[in-house]
Amino acid sequence: IKEMKPRPGTFVSFLLPFTILSIIGALVVGFLLVAIWKYALDEGLARSFAHWGRTIGFGTIGFLIGPMSILVAFALIITIPAGLIAGAAYLICLYLAKVLAGLFTGRLVFRVFGSPDASLWWAAPVGIIIVYGLCAIPIAGWAIWLVSMAVGFGVIAELLGMSRTA
């Protein structure tokens, strides 16, 4: 009798490199955001922590209303170009929302463990890896993804609100 060692399925072994590249890409985007907009992100994340209910509420509204407004733009024939632009912006915001949720989570982890003024350079990799890892959980990953989208869109709403008052 030949003993067989368990090995990952073809599907898992095919997707693993893409998952690793996705996490590395999110880390690069997170570091670029921190490098370019460090002070704005610090202020936006501080506001998001101070008004976390507003952040999650506006994030949920933006996450859910965005596709509906794009569909309305496509339904009205004359606004199809605006719908295409809004669709592209929404897809970009979907990606950025997960990265910003990672920044929020990293800052939250450092706050919980007693370092509320931790640098975003440390919070970014910790939070992004946590968010991407939790979203990869087979059964509950979709619910965690929805919460991360609500938080990420809420941080985007806070940042847009800051730019409006500046």
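Rules used in this analysis
- Residue positions are given per chain, counting from 1 as you read along its sequence in written order.
- The predicted nature of this model means local features are confined to residues of pLDDT at least 70 and side-chain atom pairs, given and counted, to a pLDDT of 80 or more, with totals for whole chains, interfaces and linings taken over all residues.
- Side-chain metrics in this entry use all non-hydrogen atoms of the structure; hydrogen atoms and water are not considered.
- Here the nonpolar core consists of buried residues drawn from Ala, Val, Leu, Ile, Met, Phe, Trp, Tyr and Cys, with membership extended through side-chain atoms lying within 4.5 Å.
- The cut-offs for exposure are 20% and 50% of the maximum accessible area for each residue type, with area from a 1.4 Å probe on protein chains only; residues under the lower value are buried, those over the upper are exposed, and the others partly exposed.
- Where helices and strands are cited, they refer to DSSP runs of H or I of at least four residues and of E of at least two residues respectively, numbered from the N terminus.
- Contacts are assigned to residue pairs that have any heavy atoms within 4.5 Å of one another.
- We define a salt bridge as a contact between a side-chain nitrogen of Lys or Arg and a carboxyl oxygen of Asp or Glu at a distance within 4 Å.
- Angular values range over 0 to 180 degrees, each being the angle between N-to-C directions of two axes fitted as lines to C-alpha atoms, with helices fitted over their stretch in contact.
- For classification, angles of less than 35 degrees are called roughly parallel, those exceeding 145 degrees roughly antiparallel, those between 65 and 115 degrees roughly perpendicular, and all remaining angles oblique.
- The sense of a crossing depends on the near helix, which, turned anticlockwise from the far helix by less than a right angle, makes the crossing left-handed and, turned clockwise, makes it right-handed.
- Note on residue classes: Ala, Val, Leu, Ile, Met, Phe, Trp, Tyr, Cys and Pro are nonpolar, Asp, Glu, Lys and Arg are charged, and everything else, Gly too, is polar.

Asker: Can you walk me through the nonpolar core in this structure?
Answerer: General note: in soluble globular proteins, nonpolar side chains tend to be found buried as a group. Counting 26 residues, the largest nonpolar core has L41, L100, L103 and L120 as the members making the most contacts within it. Of all the secondary structure elements, the ones that give two or more residues to this core are helix 1 (10-36), helix 2 (38-50), helix 3 (52-75), helix 4 (80-112), helix 5 (120-135) and helix 6 (141-165). The leading source of residues in this core is helix 4, at seven residues. Beyond its immediate chain neighbours, meaning those up to four positions away, L100 contacts L33, L41, G152, V155, I156 and L159.

Asker: Could you clarify how one ought to interpret the pattern of salt bridges in this entry?
Answerer: Any two side chains of opposite charge can pair if their charged atoms end up close together. Using the criterion set out here, one finds four salt bridges in the structure. A salt bridge links R107 to D42, with the nearest nitrogen and oxygen atoms 2.8 Å apart. Here R107, found in helix 4, pairs with D42, found in helix 2; they are 65 residues apart in sequence, far enough to count as distant. Overall, R107 belongs to the buried group, its relative accessible area being 8%. When its relative accessible area of 22% is taken as the criterion, D42 is described as partly exposed. R47 is the partner of E43 in a salt bridge, and the nearest nitrogen-oxygen pair spans 3.4 Å. Of this pair, E43 and R47 both sit in helix 2, four residues apart, which is roughly one turn of the helix. Judged by relative accessible area, R47 falls into the partly exposed class, the value being 30%. What emerges from the salt-bridge pattern is a single network uniting K38, D42 and R107.

Asker: Sorry if this is basic, but what is going on with the packing of helix 3 against helix 4 here?
Answerer: In a pair of packed helices, the angle between the axes and the distance between the axes together describe the arrangement. At a minimum axis distance of 8 Å, the contact between helix 3 and helix 4 shows a crossing angle of 160°. On the basis of their axis angle, the class for helix 3 and helix 4 is roughly antiparallel. In this structure, helix 3 meets helix 4 at a crossing whose hand is left-handed. Seen from helix 3, the contacting residues are G62, F63, G66, P67, I70, A73 and F74; seen from helix 4, they are I80, G83, L84, A86, G87, Y90 and L94. Considering only residue class, the contact of helix 3 with helix 4 consists of 10 nonpolar, four polar and no charged.

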